[in-house]
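Read off the chains here:
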Amino acid sequence: MSEAINKPAEEKKAAKYVLREVVEREVYQAAWDAKKRGEPVGWSSSKFPSEITEALGLNLVYPENQAAAIGAKHGGERMCEHAEAMGFDNDICAYARINLAYAAGHEAEEKPMPQPDFVLCCNNICNCMTKWYENLARMHNIPLIMIDVPYANTKEPDQNKIDYIRGQFDDAIKKLEEIAGRKMDMEKFEEACSNANRAAKAWLKVCSYLQYTPAPFAGFDLFNHMADIVTARAKKATALAFEQLADELEENVKTGKSTWKYEENHRIMFEGIPCWPQLGKLFKPLKERGINTTAVVYAPAFGFEYNNMDELMAAYCKAPNSVCIEKGVEWRETICKENNVDGILVHYNRSCKPWSGYMPEMERRFRKDLGVAVAGFDGDQADPRNFSEEQYNTRVEGLFEVMQANKAAKEGGNK
């Protein structure tokens, strides 16, 4: 019998490991390799249209992703302090402080990446991005390409906004062609758009599996997979990995398996960006009480699909901080209903003031429209100095008690 027949088949890697490899190989390692070859490498905000750079063969890395990774590995406080010593105020977003410190030469072994030759900014995330990226461009004396996305006062962007963004999109292509030293290949652009749509479709399918009761995975898992949809959404490998993850979750539904290993006594929406340095502390009191996070807005917000250029422009208008409050309420209440939540835990994120600023009104709407328990806590997406474990545990306990009381009242009414 041949050696090939005797050799056991290599076990297929789980999707979560494949997804990690995609980011490391196709984003970070690809950028380092490009830098060694003398090719330009860019830093990009998370919702800049990466379809352009993918088609031009330009490599990007993402400061927001880097800052989240540094924060999760407990380097955020050190980097924030470096930035504050440089003169950047403590009130500035922690992602910005971490990245500005790194751009100034302060090392971050937690997540190193090549220094930029150009920077790309789309202010659909927040206006802090504008000044953050202007500082990066000044610090390195490099080109800054900016796409301005107006705040949406209506649920859907009108044609004037789409045309305004399209003009900037076309201008960005010309500037990036100069940086790349080549013209845009429209076939490659269409391929990048196809990959981005395929990845988005698979990612949204993954998110949709939280509608099942019990859920086939722990909702916090979505946060662990976000790096791919943020940094590599126009790559085919990302689409394949998310399709594999969706297949695994489909199998979990059929077999009754789940990565949530506890009782699912309650289902909640986690509102906002997680506290990356405190993920373990966020998760602990939830699992102890059987509270699974089965709805989030942050994760599916990066899964947008489109069929033509106008729809592509409109898709980039729909970041959580750039839509009107009515659209924001609609998104959240729809996902709460679809995913059958009985509570909402709101993160008042010191770093993300635009997001947190309208949360009191959001809370009022949730209670009025959905009739669910709501509790809020103070924290930060990357600076651990702004999080109190004691306060958080108290708020989770209060949320749990109200959900328990609501559940008992409902059961009593049914009897």
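Anyway, here's the lowdown on the structure attached to this text.

Parameters and conventions
- For every chain, the first residue of the written sequence is number 1, and numbering continues from 1 along that sequence.
- Only residues with pLDDT of 70 or above have their local features reported here, since the model is predicted, and side-chain atom pairs are shown and tallied only from 80 upward, although totals for entire chains, interfaces and linings are computed over all residues.
- To obtain the side-chain values, all non-hydrogen atoms of the structure were used and water was disregarded.
- Starting at the N terminus, helices and strands are each numbered in turn, a helix being any DSSP run of H or I of at least four residues and a strand any DSSP run of E of at least two.
- In this setup the radius of gyration rests on C-alpha atoms only. A globule is expected at 2.2 Å times the number of residues raised to 0.38.
- Remark: exposure states derive from per-residue accessible area (1.4 Å probe, protein chains only) relative to the maximum for the residue type, with buried under 20%, exposed over 50%, and partly exposed in between.
- Here the expected span of a helix is defined as 1.5 Å times the quantity of residues minus one.
- In this analysis, two residues are considered to be in contact whenever any of their non-hydrogen atoms come within 4.5 Å of each other.
- Within 3.5 Å is the distance limit for a polar contact, defined as a pair of N or O atoms, with the added protein rule that one can donate a hydrogen and the other accept it, and that residues adjacent in sequence qualify only through two side-chain atoms.

1. Details of the overall build of the protein
Line of reasoning, step 1. Secondary structure summary: the protein contains 17 helices and 8 strands in total.
Line of reasoning, step 2. Here the protein has a C-alpha radius of gyration of 22 Å; the compact-globule value for 415 residues is 22 Å, and the two agree.
Line of reasoning, step 3. Its C-alpha atoms give the protein principal-axis dimensions of roughly 70 × 70 × 45 Å.
Line of reasoning, step 4. In the protein, which comprises 415 residues, the share counted as buried stands at 56%.

2. Quick notes on helix 8 (residues 159-180)
Line of reasoning, step 1. In this model helix 8 runs 31 Å from its N-terminal to its C-terminal C-alpha over 22 residues, within 8% of the 32 Å that 1.5 Å per residue would give.
Line of reasoning, step 2. Considered for burial, the residues of helix 8 that qualify are K161, I162, I165, Q168, F169, A172, I173, L176, E177 and A180.
Line of reasoning, step 3. Residues of helix 8 that are buried sit in contact with helix 3 (50-56), strand 3 (118-122), strand 4 (144-147), helix 9 (186-208) and helix 13 (309-315).
Line of reasoning, step 4. G181 occupies a position one or two residues after helix 8 and carries a positive phi of about 75°.

3. Side note on unusual backbone geometry
Backbone phi values are negative for most residues with the exception of glycine, while trans is the configuration of most peptide bonds.
Line of reasoning, step 1. Here the bond from T213 into P214 is cis, since omega is -5°, no more than 30 degrees from zero.
Line of reasoning, step 2. Following the sequence through the fold, P214 ends up in the loop between helix 9 and helix 10 (221-231).
Line of reasoning, step 3. Despite not being glycine, H74 shows a phi value in the positive range, around 70°.
Line of reasoning, step 4. Inspection of the secondary structure assignment puts H74 in the loop between helix 4 (63-72) and helix 5 (76-85).
Line of reasoning, step 5. For N141, which is not glycine, the phi dihedral falls at a positive 55°.
Line of reasoning, step 6. Tracing the sequence through the fold places N141 in the loop between helix 7 (128-140) and strand 4.
Line of reasoning, step 7. Take N141: its relative accessible area is 71%, and that puts it in the exposed class.

4. Section: helix 9
Line of reasoning, step 1. Relative to the 33 Å expected for 23 residues at 1.5 Å per residue, helix 9 spans 33 Å between its end C-alpha atoms, a close match to the ideal helical length.
Line of reasoning, step 2. Taken together, the buried residues of helix 9 touch helix 3, helix 8, helix 10, helix 11 (236-255) and helix 13.
Line of reasoning, step 3. Measuring from the side-chain oxygen of the N-cap residue of helix 9 to the backbone nitrogen of E187 gives 2.9 Å; that N-cap residue is D185.

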